[in-house]
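Take a look at the letters that make up each chain.
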Amino acid sequence: MYRLLASLIFFTRLPFWRLAYVPKKYYEQVVPLWPVVGWLTGGIMALVFWLAQMVLPLSLAVIAALLSRILITGALHEDGFADFFDGFGGGTTRERTLEIMKDSHIGTYGVLALIIYYLVMYNAILALQTTSQNPLIFIMVDSFCKFLASTIIYFLPYARKSEEAKNKLIYAKVPLYEKFASFAAGILPIILFCPNDLFLPLLAGIAGAAITCALLFLKMKSQINGYTGDCCGATFILAEVVCYLVILACLPLS
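It should be emphasised that the depicted structure is a prediction, and the values quoted were computed from it without experimental measurement.

A. Spotlight on the overall build of the protein chain. Secondary structure assignment for the protein chain yields twelve helices and zero strands. Scanning the protein chain from its N terminus toward the C terminus, one meets helices and strands in the order α-α-α-α-α-α-α-α-α-α-α-α. In terms of overall dimensions, the protein chain is globule-like: its C-alpha atoms have a radius of gyration of 18 Å, near the 18 Å expected for 254 residues. With the C-alpha coordinates of the protein chain rotated into their principal frame, the extents come out at 50 × 40 × 30 Å. For the protein chain, the residues scored as buried account for 50% of the 254 residues in total.

B. Geometry of a nonpolar patch on the surface. Taken together, the side chains of L47, W50, L51, M54, V55, L56, L60 and I63 present a nonpolar region at the surface, about 770 Å² in accessible area. In terms of residue count, helix α3 (residues 34-55) provides more of the nonpolar patch than any other element does, five residues in total. Structurally, the position occupied by L47 is in helix α3.

C. Representation of the pattern of salt bridges in the model. In the structure shown here, the tally under the stated rule is five salt bridges. The salt bridge involving E178 is made with R3; its shortest N-O contact spans 2.6 Å. Of this pair, E178 sits in helix α10 (residues 176-193) while R3 sits in helix α1 (residues 2-11), placing them 175 residues apart in sequence. Between R69 and E240 there is a salt bridge, with its nearest N and O atoms 2.6 Å apart. In this pair, R69 is assigned in helix α4 (residues 58-73) and E240 in helix α12 (residues 229-250), connecting sequence segments 171 residues apart. Its relative accessible area of 1% is what places E240 among the buried residues.

D. Representation of the packing of helix α5 (residues 76-90) against α12 in the model. The geometry of α5 relative to α12 is characterised by a closest axis approach of 7 Å and an angle of 105° between their N-to-C directions. Comparing the axis directions of α5 and α12 gives the class roughly perpendicular. Together, H77, E78, G80, F81, D83, F84, F85 and F88 of α5 and D230, C231, G233, A234, F236, I237 and L238 of α12 make up the contact between the two elements. In the contact of α5 with α12, the residues fall into nine nonpolar, three polar and three charged.

E. The arrangement of the environment of L136 in detail. Positionally, L136 belongs in the loop between α7 (108-132) and α8 (137-150). Spatially, the C-alpha atom of L136 lies 20 Å from that of L238, the residues being 102 residues apart in sequence.

F. Geometry of the packing of aromatic side chains. Inspection of the entire model under this criterion finds 16 aromatic pairs. A centroid spacing of 5.2 Å and a plane angle of 10° characterise the contact between F11 and W34, whose relative ring orientation is stacked. One end of the pair, F11, is in helix α1; the other, W34, is in helix α3, and 23 residues separate them in sequence. Residue F11 is classed as buried on the basis of its relative accessible area of 4%. Classification of W34 as buried rests on a relative accessible area of 3%. Relative to F217, the ring of F155 has its centre 6.0 Å away and its plane inclined at 35°; by these criteria the two rings are tilted. Of this pair, F155 sits in helix α9 (residues 152-155) while F217 sits in helix α11 (residues 196-224), placing them 62 residues apart in sequence.

G. Here's a closer look at the environment of I125. Considering the arrangement of structural elements, one finds I125 in helix α7. With relative accessibility at 1%, the residue I125 sits in the buried group. In this structure the C-alpha to C-alpha distance between I125 and E28, which are 97 residues apart in sequence, comes to 33 Å. Not counting residues up to four positions away in its chain, the partners in contact with I125 are V62, L66, F138 and Y244.

H. The arrangement of α4 in detail. For α4, spanning 16 residues, the distance from its first C-alpha to its last is 23 Å, which sits close to the expected 22 Å at 1.5 Å a residue. Here α4 has its buried residues at A61, V62, A65, L66, S68, R69, I72 and T73. Across the axial projection of α4, the buried residues extend over an arc of 145°, all falling on one side. Looking one or two places after α4, you find G74, whose phi comes out positive at around 65°.

Rules behind the numbers
Residues numbered from 1 in each chain as written. Predicted model: local features only at pLDDT ≥ 70, side-chain atom pairs only at ≥ 80, totals over all residues. Heavy atoms only, no water. Helix = DSSP H or I, 4+ residues; strand = E, 2+ residues; numbered from the N terminus. Rg over C-alpha atoms; globule rule 2.2 N^0.38 Å. Buried < 20%, exposed > 50% of the residue type's maximum accessible area, 1.4 Å probe, protein only. Patch = residues over 30% accessible without salt bridge, like charges linked within 9 Å, V, L, I, M, F, W, Y side chains within 5 Å. Areas by Shrake-Rupley, 256 points an atom, 1.4 Å probe, with all protein chains shown as cover. Salt bridge = Lys/Arg side-chain N within 4 Å of Asp/Glu carboxyl O. Axes fitted to C-alpha atoms, helices over the stretch in contact; angles between N-to-C directions. Parallel < 35°, antiparallel > 145°, perpendicular 65-115°, else oblique. Contact = heavy atoms within 4.5 Å. Nonpolar A, V, L, I, M, F, W, Y, C, P; charged D, E, K, R; others polar. Phe/Tyr/Trp six-rings, centres within 6.5 Å; stacked < 30°, edge-to-face > 60°. Expected span 1.5 Å × (residues − 1). Arc of directions from axis to C-beta.

Written out as structure tokens, the structure reads:
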């Protein structure tokens, strides 16, 4: 229970911290439960979209859904995404890349990355919802892409020393049974909610997202010999947007 609470506190800005005090050691074990948090963030996006599209144009309902996750997470993943592009775009050495990512100021690469990301996400989701009208896809994509992003700690070491980390912790190693449980948490919404006509496009989207993660891991390995918290957020963001684009490419547009 403490681990789930730690995950909700760590990955969202909702006041779960009021429920109980959670010792630091539980925050080191939150990554396998990241897909479970996706049930909440994706579920709220789906609910907000479903309610908004009843009274607003579809385009504004998409904006409302995207805004709801920003508010829930405090733009946690977007912050890491921007720092990642600043670091990997402006850094020419391992040390310089890590130094840039640790800087709290946003640079040109980060600004451009966020603008392009939201332009692509908005148009992809708008086109997808125009075609499929399935708000539950927010839960399916959010949860599974969080699982894919969480595997970063299976393949790469942490690139900094613990005292240099922004949040002053390093994620703990994950035993095999927890890896399977994390995968189950990511795939469960797809099993429960995916309609037959969306299954193959979603499967293709998942494959595209997984390939994206693998390529990112290789890039991180070569440039900084590991990962940081910013890398986790960037991996989720990029896996998600690729997943939506591939799904959209596999669906017949009306």
